[in-house]
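Residue strings, one per chain:
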Amino acid sequence: MPVEFIGAIRTKPVSELNNVQNFLNENVIDQDYIRELTQAHEKGGFDRVLVAYRANNPDSFIVASYAASISEQLGFLIAHRPGFVAPTLAARTAATLDHFTNGRIAVHIITGGYDADQQRDGDWLDHDNRYRRTDEYLEIVRRIWTSDTPFDYEGEFYRVKDAFSAIKPFQKPHIPLYFGGASNQAVQVGAKHSNVYAMWGEPIAAIKERIANVRAALPDGRYIRFSVSVRPILGVTEEQAWEKAYNILARIQKLRGGATLIPSEPSQAVGSQRLVDLAQKSEIYDKCLWTPIATATDGGGNTTALVGTPEQVAEALVDYYDAGVTTLLIRGFDLVQDAIEYGREVIPLVRAEVARRERQAVTVGN
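A few points on the structure.

**A word on the overall build of the protein chain**
Next, step 1: A count of helical and extended segments in the protein chain gives 13 helices and 13 strands.
Next, step 2: Computed over its C-alpha atoms, the radius of gyration of the protein chain comes to 20 Å, within 12% of the 21 Å expected for a compact globule of 366 residues.
Next, step 3: Expressed as a percentage of contacts within the protein chain between residues at least 6 apart in sequence, the contacts between residues at least 24 apart total 74%.
Next, step 4: In the protein chain, which carries 39 positive and 46 negative side-chain charges, the distance between the mean positions of the two groups comes to 3 Å.

Okay, here's the thing in C-alpha cells:
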C-alpha cells in the first residue's frame, strides 16, 4: 500500500521553541505565513496537513477552508473535538467543506486529554465519559453522512429526532475519520468508527503491539489503517543532526525552566504518559528514535524525534511502514523550513523504497 505523508500548519510561526504566550497575543492569524507554509507542503509532496485543535486556537475548519483556497491538491486533516457542537451540525459543516474542496478533507477526532483545556469550552466530563460521548457522537455523524432517510437516535449524551442532511460528503462512502488516543477506551471507540488510527512515535515493538490491540478490537469486516507521528531532525551528517537535536532540546529546556517540566495542566492522555515513561527508560530506541523532548514537555503532543541524515531518517520511517504503518505525520520545529527539507530530502527516499517493495511483492506474487 502506498505511504501517506502528513505535515502540519499553524496560523503563525510558533512551536515548542517559542513562548506559547506569543500565540495568544495579537496577530494570531498571519495569512502570509499560512500561505507560505501551505505552499511549502504542497510543493514538498505532502498528501495532507494537520490543522490542530485547542480551546484557545483559531477554528480549525475555517483555517483549513482558507488554506484550501490557496492550494490545489493538498489535503487537510482537520482536528475536531466532539462535544462542543451538535454532531448533526458538525457532520453538515464537514460535508459542506468537503464539496468546496473537492474531497480534500479528513477529520481527526481528538476526544481530549487535558481537563483544563476541555473546561475552557465548558466541558466537565472526565476522561472515560468523554470517550463514551465520542462513541455516540461518531455514530450520529456517520449516519448523517450516509443515511438516505431521516432517523431518530436516543443515547446517554445525544438525542435527535428525524435527523437528516441534504448535503452528503463529496467523498464516498464518507469523509475519512482519523482517530487519536492510547487508552483502552480509545482503542474500542477508534476501532469501531475510524479509518485511520493515529499513534505518536514509539519504538517499533510498541507500535506493533498497539496495532495488534486495535486490530483485535475491530468489529467483523472492518479494515483500518495506522499512522505514526514523529519529529525528524535532519543533518548533512549524523554528527550535525545530533548537534542540532541537542541545541533544540537546550532551547526548550531554557524556555520551560529546566529539563523536567511540572505541567500546568495535568494530562489525562494515556499517550502522553506513555511517551514520558519511554523517555525515562531510555534516551534512544531502535535506530534513531530520540525521547528527551518528551520529558522536557511532559509528553505534550507529538514530541519524539528521529535524528540523523535524511537517509537514516528515511530508513527509520520505512521501519514503521514495515511494522504496518501507512501514514506518517512528520513535522519539525521550524515548520516552513523543515517542510521544505522533508519534501526535498526525506519523502522521495521513503516513497521510492516503498514503491520498490511493492514491485518486489508483485513479482514474488506472480
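That was the structure; now back to the text.
**Looking at the layout of surface pockets**
Next, step 1: Taken as a whole, the second largest pocket encloses approximately 260 Å³ of empty space.
Next, step 2: If you go around the second largest pocket, you meet 15 residues; those closest to its centre are Ser15, Leu17, Arg251, Phe333 and Asp334.
Next, step 3: Those elements giving two or more residues to the lining of the second largest pocket turn out to be helix H9 (238-256) and helix H13 (335-365).
Next, step 4: Element by element, the count of residues in the lining of the second largest pocket is highest for H9, at four residues.
Next, step 5: Its residues placed into classes, the lining of the second largest pocket shows eight nonpolar, three polar and four charged.

**Quick look at the packing of helix H2 (residues 31-43) against H13**
Next, step 1: Here H2 crosses H13 at 15 degrees, and the two axes come no closer than 8 Å. By the angle between their directions, the pair H2 and H13 is classed as roughly parallel. Between H2 and H13 lies a crossing of left-handed hand. For the pair formed by H2 and H13, the contact residues are Tyr33, Glu36, Leu37, Ala40 and His41 on the first element and Leu335, Val336, Ala339 and Ile340 on the second.
Next, step 2: Classifying every residue of the contact of H2 with H13 gives seven nonpolar, one polar and one charged.

Cut-offs applied
- Residues numbered from 1 in each chain as written.
- Predicted model: local features only at pLDDT ≥ 70, side-chain atom pairs only at ≥ 80, totals over all residues.
- Heavy atoms only, no water.
- Helix = DSSP H or I, 4+ residues; strand = E, 2+ residues; numbered from the N terminus.
- Rg over C-alpha atoms; globule rule 2.2 N^0.38 Å.
- Contact = heavy atoms within 4.5 Å.
- Lys, Arg positive; Asp, Glu negative; His and termini not counted.
- Charge placed at Lys NZ, Arg CZ, Asp CG, Glu CD.
- 1 Å grid on protein atoms, 1.4 Å probe; cavity = no way out; pocket = protein on both sides within 12 Å on 5 of 7 lines; lining within 4 Å.
- Points joined across faces, edges and corners; volume = space filled by probe spheres on them.
- Nonpolar A, V, L, I, M, F, W, Y, C, P; charged D, E, K, R; others polar.
- Axes fitted to C-alpha atoms, helices over the stretch in contact; angles between N-to-C directions.
- Parallel < 35°, antiparallel > 145°, perpendicular 65-115°, else oblique.
- Left-handed = near helix turned anticlockwise from the far one by under 90°.

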